[in-house]
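For reference, the chains in residue letters:
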Amino acid sequence: GMVASWLGEIMDEITIAYILFILAVLPLVIWIFQMLFFALAWYTCRRHLYHPKTAGDVKGDLPGVSIIKPLMGVDPFLEGNLESHFTLQYPNLELLLCVQDERDPVIELVHKLQTRFPDVDCQLFVGGKPGVTNPMVHNMAPAYERAKHDLVWVSTSRIRASTAILLDLVASVQSDPRVAICHQLPYMMNDGVGGIAATVEKLAFGCNMGRNYLALNRLGTHVFTGMSYLVRKSYLDEVGGLAHYGCYLAEDYFLSQALHSRGYELVLSAFPAQQMVAASSIAGYKDRMVRWWRLRLNMMPLVTLLLEPLTECVPLGAYISWAVYYLFDVNPYLVFAVHFVLWISLDYHQLRLIQNSPLPFRLPNFLAAWCLRELLNAFVYVEGLLNPRRVRWGKNTYRVTLGGHTTLVTTAPVLPL
């Protein structure tokens, strides 16, 4: 067509053939790497997940732990999430609960739990640290600075705790002085609640994101999310402390990168994060993914724009179908069908490994949610590109520049008067 005639005017046939050959080989290489990532993720599931460290793996007495939990608003699962922290069986523990607004109804719930569990060392912090842009870091910074213990567990409001999880986090960090952080694989455990939207979220964390997170951690690459992690405060203070990273919305990426570049290690917990949230919606999920995509775009533009789509089933399938047709003259529709069925099967099996219990939905529900997530990826990509510097988080809007630095654009009160 027009492209071929235009190329013919500026290049000879041999050069064009070389370019097309390279373009055709590239998706084959990426596809092989993705199959290796599936294998690494499965290996990590079988050999690492649900094989926790225990108190017996800690030399000497168990060290003290400060738990920082930022809170905003109330949902039906929040009391259970909070109560799971009050009932932890651990000898030396403090709970530092952070609320931005003194009118937030969650404060009443906190007082209720403090009354029910008077022996738990629990403090409530209202407000935040002035001059910090990131709303969650702004909210957590006063608690972080007042923490009594060197080991600090940042546990966001969606996270449900257990004694086994805490012991695994502590023993993993204590296993080697080079370890600065033990973090949990992001995952959604609100089984049987939330309908199709909750299923889509579970698949988002347990399939594509889970595969890359597990495989890259197995390879020792710097991959980390700040949903739930235990950090050595003394090490984080060496690189500026928590508030120092409040100029970024992706504070977890930058603080972990600073620790990693200093030679400290990040290790993965044996337990996926137990996210429990009752309110799920397709629009909420899409907005969350757009926010994360724009943050990644501004931190790693080439990876996010070019490579990331090729870790997804449909774009890579379309590309590899053309490549196999070009190189081997195989029917591209057949190639895509085989690729599609294989990828879905691998995703389903991986999700079952991460869940470590029967999935809360049948195979047809899985297939419907899987296809919906793939469709939503296109919307996330397009919407993210339309206004890549602007990120909405809660009621605030931020401007993110290349490199991830963030400034507040508009603000609104957290709660109406």
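The structure displayed is predicted, hence computed values, not measured ones.

Calculation notes
Residues numbered from 1 in each chain as written. Predicted model: local features only at pLDDT ≥ 70, side-chain atom pairs only at ≥ 80, totals over all residues. Heavy atoms only, no water. Core = buried A, V, L, I, M, F, W, Y, C linked by side-chain atoms within 4.5 Å. Buried < 20%, exposed > 50% of the residue type's maximum accessible area, 1.4 Å probe, protein only. Helix = DSSP H or I, 4+ residues; strand = E, 2+ residues; numbered from the N terminus. Contact = heavy atoms within 4.5 Å. Pairing = 2+ DSSP bridges. UniProt positions renumbered as here; feature names shortened; annotations may be inferred. Patch = residues over 30% accessible without salt bridge, like charges linked within 9 Å, V, L, I, M, F, W, Y side chains within 5 Å. Areas by Shrake-Rupley, 256 points an atom, 1.4 Å probe, with all protein chains shown as cover. Salt bridge = Lys/Arg side-chain N within 4 Å of Asp/Glu carboxyl O. Phe/Tyr/Trp six-rings, centres within 6.5 Å; stacked < 30°, edge-to-face > 60°.

Asks: Is there a simple way to explain the nonpolar core in this structure?
Replies: Leu203, Leu214, Leu351 and Phe366 are the most contacted members of the largest nonpolar core, which has 49 residues in total. Those elements that provide at least two residues to this core are helix 2 (13-47), helix 7 (195-206), helix 8 (208-218), helix 11 (282-299), helix 13 (313-328), helix 14 (332-355) and helix 15 (363-386). Setting aside anything within four residues of it in sequence, one finds leucine 214 in contact with Ala41, Thr44, Cys45, Leu49, Leu185, Leu268 and Ile354. Counting 38 residues, the second-largest nonpolar core is a separate cluster that includes Val137, Tyr229, Phe254 and Leu259.

Asks: Explain the environment of asparagine 92 to me, please; I cannot follow it from the model alone.
Replies: Turning to its location among the elements, asparagine 92 is positioned in the loop between helix 3 (78-86) and strand 2 (93-99). As a C-alpha pair, asparagine 92 and aspartate 121 span 29 residues in sequence and 9.1 Å in three-dimensional space. Not counting residues within four places of it along the chain, the set of residues in contact with asparagine 92 comprises Pro63, Gly64, Val65 and His149.

Asks: Even after reading the chapter, I still don't get the pairing of strand 4 (residues 151-155), so can you show me in this structure?
Replies: Regular strands have side chains that alternate between both faces of the sheet. For strand 4, the buried fraction is high: five of the five residues fall into the buried class. Taking every second residue as pointing to the same face, both faces of strand 4 are buried, with Leu151, Trp153 and Ser155 on one and Val152 and Val154 on the other. Bridge count for strand 1 (residues 65-71) against strand 4 is four bridges, and the pairing is parallel. Bridged to isoleucine 67 within strand 4 is tryptophan 153.

Asks: Could you clarify how one ought to interpret the UniProt feature "transmembrane region" (unreviewed entry) in the protein chain in this entry?
Replies: Residues annotated by UniProt as "transmembrane region" (unreviewed entry) correspond here to residues 16-43, 299-324 and 330-348. For residues 16-43, the helix share is 100%, the strand share is 0%, and the end-to-end C-alpha distance is 41 Å. Regarding residues 299-324, the helix share stands at 77% and the strand share at 0%, and the terminal C-alpha atoms are separated by 33 Å.

Asks: Help me out: how do you make sense of a nonpolar patch on the surface in this one?
Replies: A cluster of nonpolar residues, Ile19, Leu23, Trp322 and Tyr326, forms a patch on the protein surface that exposes about 330 Å² of accessible area. Mapped by element, the contributors of at least two residues to the nonpolar patch are helix 2 and helix 13.

Asks: Sorry, what's going on with the packing of aromatic side chains here?
Replies: The relation between two aromatic rings is expressed through the spacing of the ring centres and the mutual angle of the planes. Applying the stated criterion across every chain, the model contains 14 aromatic pairs. Taking 6.1 Å as the distance between ring centres and 65° as the angle between the ring planes, the aromatic pair formed by phenylalanine 205 and tryptophan 292 counts as edge-to-face. Here phenylalanine 205, found in helix 7, pairs with tryptophan 292, found in helix 11; they are 87 residues apart in sequence, far enough to count as distant. Relative accessible area serves as the criterion here: at 1%, phenylalanine 205 is assigned to the buried category. On the basis of an interplanar angle of 20° and a centroid distance of 5.5 Å, the ring pair of tryptophan 322 and tyrosine 326 is categorised as stacked. Residue tryptophan 322 and its partner tyrosine 326 are located together in helix 13, separated by four residues, close to a single helical turn.

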